[in-house]
Amino acid sequence: QQQVKQSPQSLIVQKGGISIINCAYENTAFDYFPWYQQFPGKGPALLIAIRPDVSEKKEGRFTISFNKSAKQFSLHIMDSQPGDSATYFCAAGSGGGADGLTFGKGTHLIIQP
Amino acid sequence: DAGITQSPRHKVTETGTPVTLRCHQTENHRYMYWYRQDPGHGLRLIHYSYGVKDTDKGEVSDGYSVSRSKTEDFLLTLESATSSQTSVYFCAIKDGTKNTGELFFGEGSRLTVL
C-alpha cells in the first residue's frame, strides 16, 4: 500500500523554466509535508516543508502548493538551473512523535543548459 | 551538516552471511531511523527507535533487526543476508524536543549481497 504517490518519475526541463512535481497522500492524519533533494552519492536533505494550515510556502525559487481537500501537494522550482538537477522526494508524516516519514518514489529531474 | 556517521559506507558480502551497519550521531537526538533506498521504490522505513532499547518495526522490517544500547548508536543487523537486501541504507535522526518533523540523513551505506 503506497500512501504517498509521486509523479512524474523523471522530468527534463530547460534552464530558466519551471519544474513541477506532484504528490498525493492518503492518510488524513499526516500534518507535515516536506520535500527532500538528493544528489548522487549523498543522503537526502530537506529542501522545504509545509503544514496543512497554509496553502502555499515559498523559499527563494522553491514553492510548495498544498491542497488539503484534494490531499495533494506540489513542488514548483522557478527559473530552474542545472545545479537543481537531482532526485526529489516528497514525504508525509507527523510533525511530532517517533513516526518516521512516508516517502514518494522520487522524481529524477534534469535541467538542460 | 547533521552529525551522523554511517559505517561501513560500502560493503560486499555473500548470501547467508551476517551483516551489521552502524549509525552514530553526535546530536543527542531522541529518534533514529533506518531506511533503505531502491530504484523505483524511494525510501522505505525498516525500523526506528524512540529511545535507548526502545525500537519498533517499519514498513519493510522482515529479515532485519536493530539495537540501540546508547543514545548515539543505532545498529541494523541482517542475520543472514539475501540478494534482495542489496540496497543503499540510510540512517536518519529527528530531534524529539521540537515539533518540526524534519529528518536528518546520513550519507548512506551501500550493501551488495552476492
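Look up a bit, the structure's there.
Here goes a summary of the coordinates provided. (Residues numbered from 1 in each chain as written. Chains lettered and ligands numbered in written order. Predicted model: local features only at pLDDT ≥ 70, side-chain atom pairs only at ≥ 80, totals over all residues. Heavy atoms only, no water.)

## Concerning the state of the cysteines
Part 1 of the argument: Counting across every chain of the model gives two disulfides over all chains.
Part 2 of the argument: Between Cys23 of chain A and Cys90 of chain A runs a disulfide, and the two sulfur atoms are separated by 1.7 Å. The chirality of the disulfide connecting Cys23 of chain A with Cys90 of chain A is left-handed, given an S-S dihedral of about -85 degrees. With Cys23 of chain A in strand β3 (residues 19-25) and Cys90 of chain A in strand β9 (residues 86-92), this pair connects stretches of sequence that are 67 residues apart. You'll find Cys23 of chain A and Cys90 of chain A in the same group, each marked buried.
Part 3 of the argument: Covalently, Cys23 of chain B is tied to Cys91 of chain B through a disulfide, its sulfur atoms 1.9 Å apart. Its S-S torsion of about -70 degrees marks the bond between Cys23 of chain B and Cys91 of chain B as left-handed, since a negative value means left-handed. (Disulfide = S-S within 2.5 Å. Helix = DSSP H or I, 4+ residues; strand = E, 2+ residues; numbered from the N terminus. Buried < 20%, exposed > 50% of the residue type's maximum accessible area, 1.4 Å probe, protein only.)

## Topic: the interface of chain A and chain B
Part 1 of the argument: Contact residues are listed per partner, giving 21 residues for chain A and 21 residues for chain B.
Part 2 of the argument: Of all residues in chain A, Pro44, Ala98 and Phe103 of chain A give up the largest surface area on contact with chain B, accounting jointly for 26% of the area buried on that side.
Part 3 of the argument: For the pair chain A and chain B, the number of links is one salt bridge.
Part 4 of the argument: The shortest N-O distance in the salt bridge between Lys42 of chain A and Glu107 of chain B comes to 3.3 Å. (Contact = heavy atoms within 4.5 Å. Buried area = accessible area lost by both parts, 1.4 Å probe. Salt bridge = Lys/Arg side-chain N within 4 Å of Asp/Glu carboxyl O.)

## Thoughts on the pairing of strand β1 (residues 4-7) of chain B
All names here are of chain B.
Part 1 of the argument: Alternating positions in β1 separate cleanly, Ile4 and Gln6 being buried on one face and Thr5 and Ser7 remaining unburied on the opposite face.
Part 2 of the argument: Here β1 pairs with strand β3 (residues 19-25) via four bridges, running antiparallel. Looking across to β3, one finds that Ile4 is bridged to Gln25. (Pairing = 2+ DSSP bridges.)

## Comments concerning the sheet that holds strand β7 (residues 65-70) of chain B
Residues and elements named next belong to chain B.
Part 1 of the argument: With antiparallel pairing, the four strands of this open sheet are ordered in space as β1-β3-β8-β7. Each having just a single partner strand, β1 and β7 make up the two edges of the open sheet. Each strand of the sheet is rotated relative to its neighbour by a mean of 20 degrees, with strand direction disregarded. (Axes fitted to C-alpha atoms, helices over the stretch in contact; angles between N-to-C directions.)

## Observations concerning the sheet that holds strand β6 (residues 56-59) of chain A
All names here are of chain A.
Part 1 of the argument: One open sheet holds the five strands; their spatial order is β1-β3-β8-β7-β6, and the pairing between them is antiparallel. The sheet is open, and its two edges are formed by β1 (4-7) and β6, each paired on a single side. Mean inter-strand twist for the sheet, computed between neighbouring axes without regard to direction, equals 15 degrees.
Part 2 of the argument: The pairing of β3 with strand β8 (residues 72-77) spans six bridges and is classified as antiparallel. Paired with Cys23 across the two strands is Phe73, which belongs to β8.

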